[in-house]
Every structure is written in structure tokens, then in C-alpha cells.
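# Results of the structural survey
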Amino acid sequence: MTAPPFPEMTLLDKANDLPLLERTQLWAKVNSGTTNLDGLKLMARYLADAFSVLPGDIELVDPAPVDAVRPDGSLYQVPRGQHLLGIIRPDAPVRILLTGHMDTVFAADHPFQEMKWLEDGVLNGPGVADMKGGLSVMLGALQLLEQSEYASRIGYDIMINSDEEVGSGSSAALIEQCARQKVAALTYEPALPDGTLAGERGGSGNFSIIFTGKSAHAGRNPDEGRNALVAAADMALQLKALHREGLSVNPAKIDGGGPNNAVPDHAILRVNFRPQSLEDQQKAQNALDNLIAVIATGHDVDVQCHGGFGRPPKPIDPQAQKLFHLVKSCGADLGLDISWRGTGGVCDGNNIAACGVPVVDTMGVRGGAIHSSDEYLITDSLAERTKLSALTIMRIAAKGGI
């Protein structure tokens, strides 16, 4: 009898017997749009029950407060769902972090709620790829690990948040906490349909800039007014002028204005920045701070800025390169050609990398058309990516690192 090409193969083949598709379908039946707190509560309960098979503590953690700006300029606290936290073997000599998200972009009243088969092996449905399928892969990989000889050599934290699709404002501190003293992290965003992983990522910052001027009659005494809408428009134009290679600037919306016969005294500019590097991010922040002062003085208005760079850029440093090559090596042992390329999208991998922890953040299923009603999952990738993750974790355990 020919020996298997590596000793873990027999165990990895057990991935085919796990209910990977069944639980993906069960979880995808739950609408867990970020704002659907009832759906997130049910989803969190399903996940807590499923992950309880692991030998550690699984708990639901309350979200941190998140402030947002209303169109009238007042602040309010955005309600968010609970996050799942698992801690397994906290005293193990080697520890890693695995993250995912339970929320989707599809609200409770969105028309895309049902699953259907597009063809044999291709399932269309809300969140099947992003990332109900990825969560099933994460759990499957850990189930295989726990059956292996390597389990006692490695510990891990699991963090599944409820607000990734809106920037992880209520879970960013939890991500940072979980990333401490980890040798590596795996995040279960979907890979591309051909299996390509996301490499380096740009960052993202969202800001709401509040302009407060002075109202006046547009005919009798317009010069006594201070036009907040014009100040916001001037700021939008000057911010757009910062757009260049390495920095995308998108002034997206102005709230404010009023009747034609009154000088508007209130406006809010919403703007998104996409820096490619930490240097680009710092330059963008400096330019924004400078423009706030210039606009406030030039238009004689009060300017207040809320928001920040919630997703720092994610470069591929030498440690991250080592982790990618480890995943590639594991893929080769499984007959998979693993490659990666840069992307403009952002995810929790950005936040993990900012903590100094190497991360591969597309360890989930192969699929496509995410964030649309055409989202699909290639179901063969459930077992395929479960094996890839399990082998990667086992190799980290065997080596005592990456």
C-alpha cells in the first residue's frame, strides 16, 4: 500500500464528511444584515451553538458604542449586535487568531433573501460566500485540528463580529485585543472564483464634516449670513483635488441647505478616503486637518470633523509574506495552485495587520458577485478550503510559528 504523501492527508479527507454545506445553508437562511438586530441575535445563537463543539470558552460580547452623525448634525449611538468570542487553550505555546463576520450587506427588507442553485455545485444566496460559507470553513478546519496530534501544541482565539460590513466600529477594540501575542491570523473572507487570495490592501477612512454658519434673508441682508452649504461645497472640491495615484478621495454626499430665500446655516459633507499606504494615509489626514482650518477661516464658519481611518492600509511585510508562502505550500500539497494579488477592498484583515500580526484574510470559500443579488458560492470549495485551513494551522503548530 502506498503511504499518503503527508501524514495529515487521511485526517484532512474527513472534511468531506463534515456538514459544511448544510450549515452554510442553515445560516444563510437567517437574514443577518448589519442593522437587523433580531436576525443577528439568531445568527449569534446559531454560531455559539455550532462553535461550542470546540474545547474552550465561547461567549457573546456586547458591542462597543459607536457614534454617528445625523443629517441635522447631532450625534447618536448606532445599535449593533453582539460579537462571538472563543478562547481555546490560552496557555498554549503558540497562539493564532481566526476571524470572520456574521453580518451581511442585505437588510431585512432587501429583496434578496432566498437561495437557489444556479447549476450543479453553484449556490446563489445572500451571504453564502460572504461569509456564511467562510464561517463553516473556519469551524470545519478547527474540527479537523482538534482530531489531530497537533491540537495540544496550538491555541487560538475566534472572533466573529456583527458589524464588519460597516467598518467594525463596535468591534475594532475587540479585534485589537484578540490580536495581541498571536503569531498569525486567518480571516475567512471569500477568495476569488479561481481561488486567488487578496494580498496587500489599501485603507479606508470615512468622515462626516459639520459646517455651522449663520442664517440670513437672501434678499434683505444676505451678506450678514455665513453660507454653510457653500463652505461644504468648497471643501468637497478642494478634497477632490487631493485625488491622485495612491489616494482616492470621494466626496459622497452633502446634507443641508434650505429654502431659496434663506442663507443656509447648516451642512454636513460625507467623504471617503482610500489611501494605498500608511504614508498616503498620514498625508491625507494632514491635508484634511489643514483644509478644515482654511475653510473655517475663509468662510467664517465653524467646522467640526467626525470619523477616522477605521481600516488602515495593509502592506505585505516579510512576516506576512512568510504566512502567504506557508499557505501556498499547504495548497501545493493539496494539489491547489495558491496565488494572491493586491486589492482595493478592505476588511478586518486591515485592522489585524495594523496590530503587527501577519494575516491572510481570504481563507474562505471560492465565490463571486458578493454584495449583490448574484452572489454565489462554489460548493466544492467548502471542503477544499477547510482542508487548506486545517493543514495551514497544523503546520503552524508543528513549526511553532510561521
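Anyway, here's the lowdown on the structure attached to this text.

Rules of the game
- Residues numbered from 1 in each chain as written.
- Predicted model: local features only at pLDDT ≥ 70, side-chain atom pairs only at ≥ 80, totals over all residues.
- Heavy atoms only, no water.
- Salt bridge = Lys/Arg side-chain N within 4 Å of Asp/Glu carboxyl O.
- Buried < 20%, exposed > 50% of the residue type's maximum accessible area, 1.4 Å probe, protein only.
- Pairing = 2+ DSSP bridges.
- Helix = DSSP H or I, 4+ residues; strand = E, 2+ residues; numbered from the N terminus.
- Axes fitted to C-alpha atoms, helices over the stretch in contact; angles between N-to-C directions.
- Contact = heavy atoms within 4.5 Å.
- Phe/Tyr/Trp six-rings, centres within 6.5 Å; stacked < 30°, edge-to-face > 60°.
- Polar contact = N/O pair within 3.5 Å; in protein donor to acceptor, adjacent residues only side chain to side chain.
- Left-handed = near helix turned anticlockwise from the far one by under 90°.
- Nonpolar A, V, L, I, M, F, W, Y, C, P; charged D, E, K, R; others polar.

## Digging into the pattern of salt bridges
Overall, the coordinates contain 18 salt bridges when judged by the stated rule. Residues Lys 328 and Asp 337 are paired through a salt bridge, measuring 3.5 Å at the closest nitrogen-oxygen approach. In this structure Lys 328 comes out as partly exposed when scored by relative accessible area, which is 31%. One salt-bridge network, held together by shared partners, links Arg 95, Asp 157 and Lys 182.

## Section: the sheet that holds strand 12 (residues 247-256)
Strand order in this open sheet of four strands is 12-13-11-14, and the pairing throughout is antiparallel. Because the sheet does not close on itself, it has two edges, and the strands there are strand 12 and strand 14 (302-311). The sheet shows a mean angle of 15 degrees between the axes of neighbouring strands, direction not considered. One ladder, built from eight bridges, connects strand 11 (residues 204-212) with strand 14; its direction is antiparallel. Residue pairing across strands places Ile 210 opposite Gln 304, the latter belonging to strand 14. Strand contacts of helix 6 (residues 228-240): strand 11, strand 12 and strand 13 (266-275), with the helix running at about 10 degrees to strand 13, the strand carrying the most contacts. Lying on the sheet, helix 7 (residues 278-299) is in contact with strand 11, strand 12, strand 13 and strand 14; it crosses strand 14 at an angle near 170 degrees.

## Quick notes on the sheet that holds strand 18 (residues 376-378)
Strand order in the open sheet formed by four strands is 6-7-18-17, with antiparallel pairing between adjacent strands. Sheet topology places strand 6 (116-119) and strand 17 (367-368) at the edges, where each strand pairs with a single neighbour. In this structure, strand 6 lies alongside strand 7 (residues 122-124), joined through three bridges in antiparallel fashion. Bridged to Glu 119 within strand 7 is Val 122. Against the sheet, helix 4 (residues 128-146) engages strand 7, strand 17 and strand 18, with an angle of about 45 degrees to strand 18.

## Points about the packing of aromatic side chains
Applying the stated rule across the entire model yields five aromatic pairs. Here Phe 106 and Phe 112 contribute two aromatic rings whose centre-to-centre distance is 5.1 Å and whose plane-to-plane angle is 80 degrees, an arrangement assigned as edge-to-face. On the accessibility criterion, Phe 106 (3% relative accessible area) is buried. With 5.9 Å between their ring centres and 55 degrees between their planes, Phe 273 and Phe 309 make a pair best called tilted. Here Phe 309 lies in strand 14 and Phe 273 lies in strand 13, a separation of 36 residues in the sequence. Residue classification places Phe 309 among the buried positions, given a relative accessible area of 15%. Taken together, the aromatic side chains of Phe 207, Phe 273 and Phe 309 make up a single cluster linked through ring pairs.

## Quick word on the environment of Thr 196
Inspection of the secondary structure puts Thr 196 in the loop between strand 9 (184-187) and strand 10 (197-201). Considered as a pair, Thr 196 and Pro 111 are 85 residues apart in the sequence and their alpha carbons are 30 Å apart. Here the side chain of Thr 196 touches Asp 194 through a polar contact of 2.8 Å, side chain to side chain.

## Focus: the environment of His 243
In this structure, His 243 sits in the loop between helix 6 and strand 12. A relative accessible area of 40% places His 243 in the partly exposed class. Linking His 243 and Phe 273, residues 30 residues apart in sequence, is a C-alpha distance of 9.0 Å.

## A word on the packing of helix 6 against helix 7
Two elements in contact, helix 6 and helix 7, have axes whose closest approach is 10 Å; the angle formed by their N-to-C orientations is 145 degrees. As helix 6 runs across helix 7, the sense of the crossing is right-handed. Contacts between helix 6 and helix 7 involve Val 230, Ala 231, Asp 234, Met 235, Gln 238 and Leu 239 from the first element and Leu 288, Leu 291, Ile 292, Ile 295 and His 299 from the second. Broken down by class, the residue content of the contact of helix 6 with helix 7 amounts to eight nonpolar, two polar and one charged.

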